[in-house]
Each structure stands twice: as C-alpha cells, then as structure tokens.
Amino acid sequence: MVSMIALVGFGAMVLLPILDRLPWSPDIRSEDWVTHLTLWLGLFGAFLASWKDRHLCISVGEAVRSGEWRSRFDLLSRAGTIGILLCLIYASTKTMLILGGEEDVVGWLPFWAVFLPMPLAFAGMAFVTWMKPAEEMPRRLGLAALAVLLGPALVFLPLGVEPTARILGIGGLILLAGIGMPLFAALGGAALLLFFLAGEELMAVPLATYTISAAWYLPSIPLFALAGVVLARGGSPKRLVRFAQAWSGWVPGGASIATILACAFFTAISGASGVTILALGGLLFPVLVAAHHTERFSLGLLTASGSV
C-alpha cells in the first residue's frame, strides 16, 4: 500500500508535465499539480517516519543505562512531540477553515482540499506517536495528559510574561530535544512559541509551511532522487565504480580516490547525496574494506563523498 501511494505520486509528478505539453492536451496546470504533489508526498513521508520511528533526533538519553530513566525520557520526548503536533493540528485546521473558501488552487480543487493533507498528516503523526505497540493503557493516558500540558496549554500563556516565557519555552524545547524529541518537533515548537509571543496568529506557521513546501523549485529534489533510483536500478553505479577504479585504482590510496570520484560523478548526475550513498555504498564499502581501510573510515568516507 505504501509503495503504491509513492508510485502513484511520483508517477503523476513525472507524467503530468509531459501530458501538459502534448499538442492535443488541455491545460491541466501541471506545474501547480507537481508542486502540490511535492507537499503531499512530503507530508506522507513525515507520517511514515513517525510510524516507523525514523525521525532525526539527538538523544542524550540513549547514553543512560538505567531502564527506568530511559523510559521516563521516552515518555517526556513523546509527550512533547504529541503536544506540538496538537498545536499544529489546531493551527492548520483553523487555517483551512478560514481560507477554505478561497478560489481554486490546483485546477478545480478548492484551497481546503489542497490544505487538508496537512492537518491529517499531523493528526496521523500524533496518533502513531501516542499509540506505541505493547504499551499499557495507563501509560498511554498519562502520556496524553502530559502532552496536553506540554503543548496546547502553552497557547494560553499570558503575553505579559513574554521574556520569561521565551526563556522557559526555548529552554524546555532544547531539553526535550536533548532527551530524544525529534528535531522537527523542536523546530516546530520554537516557531509556534515565538510567533505566539510576538502576538501573531498560530496560523502563520502552517501557512509558511505551505508557502515554502509548494514552491516551484522544490519538486526537483524528489525528482532528482527518483532519477538516482532509476540509475541505480539500471546498473549505472557498477559501471561508474569500474570506471573510477580503472582511472585511479592503481595509485596508492586508489580505493579511496575511486570512491570519491564515483560518488562525485553519481551525485552530479542524480542531484541527491542520499541516493548516492544508498546506490554506491553497498558496492564501494567492500572495496574499501578489502583495501585494508577500517570500517569507520570507510563509512565516513562514503558518507562525506556523497556530498562532493
């Protein structure tokens, strides 16, 4: 199901611009569709990251050996994440309801239909973060209560204590990020808090998200990644590795030089360093280890070379 949704989304991003340029095709406003598909696929990817617990985070709590303290850190970080997501659900739903009567944005779709995936994605992320498998109901209820205290309750802070609220709010977000709260939640919480303390409507955050995510240049990122996947499946990485090894494999440190060259070429073609690491890592890592490089050096070189 997940693969099918991604396939349909990426397929539409590729095919719609082609159809729009056929002489007998009606004007389907493919540019608007592609930019909004980027937003929708990004929200779907964010939901999947929450579902599979793959969000980027910096967790000092992982160094804590005590199972009890690690459990407490996990509860606090999840509560903070859910609380911020509840605020984002409120702000994006309010934005959708107020601006829902605007003119059509993508062809015949009204603004509310275009914006609806945002609160739905936030709600899905909050639910899967709360509904952790094999967790007892009392803990889930405690998590929900703590999430309300750490999230929506902040909306009702008095503006008169703005300096104190700013220090406490940002400090709390840094603390939660340190014990494992995903970075997207820390940054989103900071945006909500600072907009609120400046006297702005919380609607400004989802509106800014929509404006940035629906920019005309952002579709190049997923489309470049798709091009890299197609190249990888077609065997291009193996030919690039053979070419780089033939060119520089005979000199001292040739395996490292060949790795950098192959990654640089592939990133220039695909436009995505992450795709390069995935496509070439499995091929080049054994080559580096066989050339008597340590595993840590080999992993570091591959990761860094993807950005060259």
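Residues numbered from 1 in each chain as written. Predicted model: local features only at pLDDT ≥ 70, side-chain atom pairs only at ≥ 80, totals over all residues. Heavy atoms only, no water.

Novice: Help me out: how do you make sense of the overall build of the chain in this one?
Specialist: Helix and strand counts for the chain come out as 14 helices and zero strands. Sequence-ordered secondary structure for the chain, helices as α and strands as β, is α-α-α-α-α-α-α-α-α-α-α-α-α-α. Taken along the three principal axes of its C-alpha coordinates, the chain extends 70 × 65 × 40 Å. Every one of the 308 residues in the chain was classed for burial, and the buried ones make up 39%. When contacts within the chain are restricted to residue pairs at least 6 apart in sequence, long-range pairs at least 24 apart make up 70% of them. With an accessible surface of roughly 17,300 Å², the chain has 72% of that area assigned to carbon and sulfur atoms. Counting 18 positive and 17 negative side-chain charges, the chain places the averaged centre of each group 14 Å from the other. (Helix = DSSP H or I, 4+ residues; strand = E, 2+ residues; numbered from the N terminus. Buried < 20%, exposed > 50% of the residue type's maximum accessible area, 1.4 Å probe, protein only. Contact = heavy atoms within 4.5 Å. Areas by Shrake-Rupley, 256 points an atom, 1.4 Å probe, with all protein chains shown as cover. Lys, Arg positive; Asp, Glu negative; His and termini not counted. Charge placed at Lys NZ, Arg CZ, Asp CG, Glu CD.)

Novice: Is there a simple way to explain the packing of aromatic side chains in this structure?
Specialist: Given two aromatic rings, their pairing is described by the distance between the two centres and the angle made by the two planes. Enumeration according to the criterion identifies nine aromatic pairs in this entry. When the centroid spacing of 6.2 Å and the interplanar angle of 50° are considered together, the rings of Phe-127 and Trp-130 count as tilted. Within this pair, Phe-127 and its partner Trp-130 are both found in helix 5 (residues 117–130), separated by three residues, close to a single helical turn. On the basis of relative accessible area, Phe-127 is assigned to the partly exposed category, the value being 47%. The exposure class assigned to Trp-130 is partly exposed, which follows from its relative accessible area of 22%. Of the aromatic side chains, those joined through ring pairs into one cluster are Phe-111, Phe-115 and Tyr-210. (Phe/Tyr/Trp six-rings, centres within 6.5 Å; stacked < 30°, edge-to-face > 60°.)

Novice: Mind showing me how you'd approach the layout of surface pockets here?
Specialist: Using a probe with the size of a water molecule, rolled over the atoms, empty space left in the structure can be pinpointed. As a volume, the largest pocket reaches approximately 830 Å³. Lining the largest pocket are 24 residues; nearest its centre among them are Ala-6, Phe-10, Leu-48, Ala-225 and Val-229. Those elements giving two or more residues to the lining of the largest pocket turn out to be helix 1 (2–20), helix 2 (30–51), helix 10 (220–233) and helix 13 (273–290). When residues of the lining of the largest pocket are assigned to their parent elements, the largest contribution, eight residues, is made by helix 2. (1 Å grid on protein atoms, 1.4 Å probe; cavity = no way out; pocket = protein on both sides within 12 Å on 5 of 7 lines; lining within 4 Å. Points joined across faces, edges and corners; volume = space filled by probe spheres on them.)

Novice: Would you take a moment to explain the packing of helix 1 against helix 10 for this structure?
Specialist: For any two helices packed against each other, the geometry comes down to the angle between their axes and how far apart the axes lie. Interhelical geometry of helix 1 versus helix 10 gives an angle of 100° and a closest axis separation of 11 Å. When the axis of helix 1 is compared with that of helix 10, the two are roughly perpendicular. When helix 1 is examined against helix 10, the residues Phe-10, Met-13 and Val-14 are found in contact with a partner set consisting of Pro-222, Leu-223 and Leu-226. Within the contact of helix 1 with helix 10, the residues separate by chemical class into six nonpolar, no polar and no charged. (Axes fitted to C-alpha atoms, helices over the stretch in contact; angles between N-to-C directions. Parallel < 35°, antiparallel > 145°, perpendicular 65-115°, else oblique. Nonpolar A, V, L, I, M, F, W, Y, C, P; charged D, E, K, R; others polar.)

Novice: Sorry, what's going on with helix 14 (residues 295–305) here?
Specialist: An α-helical turn contains 3.6 residues, so a residue and the one three or four places further along point in the same direction. Ser-298, Leu-301, Leu-302 and Ser-305 are the residues of helix 14 that are buried. Looking down the long axis of helix 14, one finds its buried residues gathered within 95° of arc, a one-sided arrangement. Looking at helix 14, the residues exposed on the side facing more than 90 degrees away from the buried face are Arg-296 and Ala-304. On its buried face, helix 14 is in contact with helix 12 (254–270) and helix 13. (Arc of directions from axis to C-beta.)

Novice: I would appreciate a short explanation of the environment of Ala-49 in the present structure.
Specialist: Within the secondary structure, Ala-49 is located in helix 2. A sequence separation of 76 residues divides Ala-49 from Met-125, and the C-alpha atoms of the two residues are 8.5 Å apart. The contacts of Ala-49, once residues within four sequence positions are left out, are Arg-54 and His-55.

Novice: Just to check I follow, could you spell out the packing of helix 12 against helix 13 for this structure?
Specialist: The contact between helix 12 and helix 13 brings their axes to 9 Å, and the two run at 160°. By the angle between their axes, helix 12 is roughly antiparallel relative to helix 13. Read as a crossing pair, helix 12 and helix 13 show a hand that is right-handed. Where helix 12 abuts helix 13, its residues Ala-255, Ser-256, Thr-259, Ala-262, Cys-263, Phe-266, Thr-267 and Ser-270 lie against Ser-273, Val-275, Thr-276, Ala-279, Leu-280, Leu-284, Val-287 and Leu-288. (Left-handed = near helix turned anticlockwise from the far one by under 90°.)

Novice: Can you walk me through helix 11 (residues 236–248) in this structure?
Specialist: Over its 13 residues, helix 11 runs 18 Å from end to end, which matches the ideal 18 Å to within 8%, given 1.5 Å per residue. On its buried face, helix 11 sits against helix 10, helix 12 and helix 13. (Expected span 1.5 Å × (residues − 1).)

Novice: Explain the pattern of salt bridges to me, please; I cannot follow it from the model alone.
Specialist: With the rule as written, the count across this model stands at four salt bridges. The closest approach of N and O atoms between Arg-78 and Asp-74, which form a salt bridge, is 3.4 Å. Linking Arg-78 with Asp-74, this pair stays in helix 3 (residues 67–99), spanning four residues, or about one helical turn. Take Arg-78: its relative accessible area is 6%, and that puts it in the buried class. When the shortest N-O distance is used, the salt bridge between Asp-74 and Lys-132 registers 3.4 Å. (Salt bridge = Lys/Arg side-chain N within 4 Å of Asp/Glu carboxyl O.)

Novice: For this particular structure, what's the right way to read the environment of Leu-120?
Specialist: Among the secondary structure elements, Leu-120 is positioned in helix 5. For the pair Leu-120 and Ala-177, spaced 57 residues apart in sequence, the C-alpha to C-alpha distance is 24 Å.

This is a description of form; function is not addressed.
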